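# Chains, contacts and geometry: an overview
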Amino acid sequence: MNFFEWLGKADLFPLWNSLRIAAISCVLVFFLGIFFAYYAARLPRWLKGILDVILTLPLVLPPTVCGYLLLLVFGVNRPVGAWLLSHGIQFAMKWYGGVLAASLVAFPLMYRTARGAFESFDKNLGYAGQTLGLSNSYIFWRVRMPACRQGILAGTVLAFARALGEYGATSMFIGYIEGRTATVSTTVYMLYQNSKKDPAVLYWVLVNLLISTVVLLVVNLLEARQKKVVKA
Amino acid sequence: MSLIVDIHKDLGGFVLDAAFEAEKGVTTLLGPSGCGKSLTLKCIAGIEKPDAGHIELDGRVLYDSKRHVNLKPQQRQVGYLFQNYALFPNMSLRQNILCGMRAVKGREEKERRLGEMLAMMRLEGLEKHKPAQLSGGQQQRAALARILVSEPKLLMLDEPFSALDAHLRDSLKVEMRDMLQAFGREVLMVTHSREEAYTMSDSIAVMDEGRLLTCKPTKSVFADPGSVPAAVLTGCKNIAPARKVGDCEVEVPSWGIRLTTGRPVGEGLAAIGVRAHYFNASAPQNRFPVVYQEELEEPFELTIQFRYAGQDPRSEPVWWRLPKEKRPAQFPAELGVSPANILLLYK
């Protein structure tokens, strides 16, 4: 069975699940990252320092620890998780719990790149807009965001790629249920555990490699096109 | 109609205290970098908030700490030309200028004003260009156009020529002066260049280390700076500590001489200043023997450094500047200064 035969027959649920988790997380993290990057910059220095540490922590914590922390809060036996469950909402062991796990782990990438972009933004552009009578939200969306486009785009793609490849927190928080919570990365692990010789393991790895390569290619293309526009 | 500013701001280690009034016409804040000039502009624009004080423009209160008035920058109607022009890099020239007219109703009215302004600023045909594709001078005019279409009640220029090449500066100065006159309202300019201040402004406010030292008509600031920092900023090269010894006489210990002054000397004299151009071999007064040291040649002028015969060896040499063609074959043994040219600098 070669790769294409396999692709024709295989249950592609893990791929679809990974993509939707990554896409939703990416949107969430995009707005949250920008929000925190923008407002953290305006806080007093000491508060900014503390917040910065907390917001960046998921980047350096082992993903399994992030998953454990999610269970501590949203586990069905925990106060928050139990309260949510009484209202019919459960995150643990559900595919949309994967969105929480992926978002948590991908958030610092978006937050830090957006913050870096905002910090290098020429403050005078904002001031000039204000003295011209432009509203702060107009300045934010029409001047600041386009000027920081490069950094924000880079952060978004990195966050998407990270969310797509998330394993540790996801496996802790939503586990592996075939056809329900299985993602590409958890599938690779489970198949490998079950049979070290199963060619499907390699094929899933290929799928993962393909998506990641395409994502990075798209970024490079976008950047090249932008440079052309600027030069013209 | 005028701009009234009286503000105080403590930044810990730097204290800004500026009080002045600016009438219609160009007022320049002249001072070394870091003296608080730009901060003053930012306070007037509402970008920075002073700790205390009052800012009023044509009878409209923009800021008053006692009455808790602090208008947003958007409400102040104050035009601010930034040092780097701050054109929005992602927008075309046309879009940039339209940003100044967001409050204007009606598409036709906008187009009419846009066309007028492009013609006035000689920017026709460049509407689709991004700021990065414009030359330095075009960028400056574009930024000014964007401000003028918003019809500000006050125009502020922060070091308007510093981003331009030296050879462009002089021609743009003339252009800018004409535009500012056409604007016909209060203009506040910030610069550290005495030449710019002298050519462009009707009056000058001298600032040093956060304090506003003097605010006078341009010519009188240069004729009588009144303090050491103001004398330095207006380009006076020779400044020496001095004390009063008679109604019209001062002693300059480091030069080992006594000078007769044109005006009566007041109390609290700190130093005297003599502009390098004012030494004269044929002046009958304040003549003293001198010893020549160095000669520095510039394209059209000479700077000659000399010391008075009795000058303290630890003190700086005195500068004498003269046009090249007036260079004497034999340097005179004595140099004099007219008493009217002795600047009295007070504490």
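All of these numbers come straight from a predicted model, not from anything done at the bench.

Helix and strand counts for chain B stand at 9 helices and 22 strands. A principal-axis box enclosing the C-alpha atoms of chain B has dimensions of 75 × 50 × 35 Å. Counting all 347 residues of chain B, 38% fall into the buried class. Sequence separation of 24 or more characterises 63% of the internal contacts of chain B that already satisfy a separation of 6 or more.

Below, the discussion takes up the packing of helix 2 (residues 13-40) of chain A against helix 9 (residues 149-164) of chain A. Residues and elements named next belong to chain A. The geometry of helix 2 relative to helix 9 is characterised by a closest axis approach of 8 Å and an angle of 140° between their N-to-C directions. Crossing hand, helix 2 versus helix 9: right-handed. Facing Ser18, Ile21, Ala22, Ser25, Cys26, Val29, Phe30, Gly33 and Ile34 of helix 2, the residues of helix 9 in contact are Ile152, Gly155, Thr156, Ala159, Phe160, Ala163 and Leu164. In terms of residue class, the contact of helix 2 with helix 9 is built from 11 nonpolar, 5 polar and no charged.

Taken together, the 14 residues of chain A in the interface contact 20 residues of chain B. Per element, the largest residue contribution to the side of chain A that touches chain B is 6 residues, and it comes from helix 7 (residues 123-131) of chain A. Classifying every residue of the side of chain A that touches chain B by side-chain character gives 9 nonpolar, 4 polar and 1 charged.

Met156 and Ile272 of chain B are the most contacted members of the largest nonpolar core, which has 132 residues in total. The two domains that each donate at least three residues to this core are domain 1 (2-224) and domain 2 (236-346) of chain B. When sequence neighbours within four positions are dropped, the list of residues in contact with methionine 156 of chain B reads Leu41, Ile44, Ala45, Val78, Gly79, Tyr80, Leu81 and Leu188 of chain B. Counting residues in hydrophobic clusters, the runner-up holds 5 residues, among them Val184, Val188, Tyr203 and Val207 of chain A.

This part is about the confidence of the model for chain B. Mean pLDDT over chain B: 92, with 100% of residues reaching 70 or higher. Here the predicted complex scores 0.83 on pTM and 0.85 on ipTM.

Our focus in this paragraph is the sheet that holds strand 21 (residues 334-337) of chain B. Strand order across the open sheet formed by 5 strands is 17-21-18-19-20 (chain B), with antiparallel pairing between neighbours. Here the strands that pair on one side only, and so sit at the sheet edges, are strand 17 (279-280) and strand 20 (318-323) of chain B.

Residues and elements named next belong to chain B. If you walk across this open sheet you meet the 3 strands as 13-14-15, and the pairing is antiparallel. Edge positions in the open sheet fall to strand 13 (243-246) and strand 15 (257-260), since each of these has one partner strand only. Taking the axes of each pair of neighbouring strands and ignoring which way they run, one obtains an average angle of 35° across the sheet. As defined by bridge partners, strand 14 (residues 249-252) adjoins strand 15 across 4 bridges and the pair is classed as antiparallel. Note on strand 15: the bridge partner recorded for glutamate 249 is threonine 260.

Turning our eyes to something else, we now look at the environment of threonine 131 of chain A. Tracing the sequence through the fold places threonine 131 of chain A in helix 7. Note on threonine 131 of chain A: 27 C-beta atoms within 10 Å, which makes it buried. For the pair threonine 131 of chain A and proline 63 of chain A, spaced 68 residues apart in sequence, the C-alpha to C-alpha distance is 46 Å. Not counting chain neighbours up to four residues away, the residues in contact with threonine 131 of chain A comprise Ala45, Pro73, Val78, Gly79 and Tyr80 of chain B.

Moving on: the pairing of strand 8 (residues 154-158) of chain B. Residue and element names in this part refer to chain B. Most of strand 8 sits out of view: 5 of its 5 residues are buried. Neither face of strand 8 is left uncovered, since the one carrying Leu154, Met156 and Asp158 and the one carrying Leu155 and Leu157 both have all their residues buried. One ladder, built from 4 bridges, connects strand 7 (residues 78-81) with strand 8; its direction is parallel. Across the sheet, leucine 81 pairs through a bridge with leucine 157, a residue of strand 8. When strand 8 meets strand 9 (residues 186-191), the two strands line up parallel, connected through 5 bridges. Looking at the pairing, leucine 157 lines up with methionine 189 of strand 9. With helix 6 (residues 166-183) bridging strand 8 and its parallel neighbour strand 9, the resulting β-α-β unit is right-handed.

Conventions used here
- Residues numbered from 1 in each chain as written.
- Chains lettered and ligands numbered in written order.
- Predicted model: local features only at pLDDT ≥ 70, side-chain atom pairs only at ≥ 80, totals over all residues.
- Helix = DSSP H or I, 4+ residues; strand = E, 2+ residues; numbered from the N terminus.
- Buried ≥ 20, exposed ≤ 12 C-beta atoms within 10 Å, placed from the backbone.
- Contact = placed C-beta atoms within 7 Å.
- Axes fitted to C-alpha atoms, helices over the stretch in contact; angles between N-to-C directions.
- Left-handed = near helix turned anticlockwise from the far one by under 90°.
- Nonpolar A, V, L, I, M, F, W, Y, C, P; charged D, E, K, R; others polar.
- Core = buried A, V, L, I, M, F, W, Y, C linked by C-beta atoms within 7 Å.
- Domains from an automatic or database assignment.
- pLDDT = per-residue confidence, 0-100.
- Pairing = 2+ DSSP bridges.
- Right-handed = clockwise from strand over helix to strand, strands pointing away.

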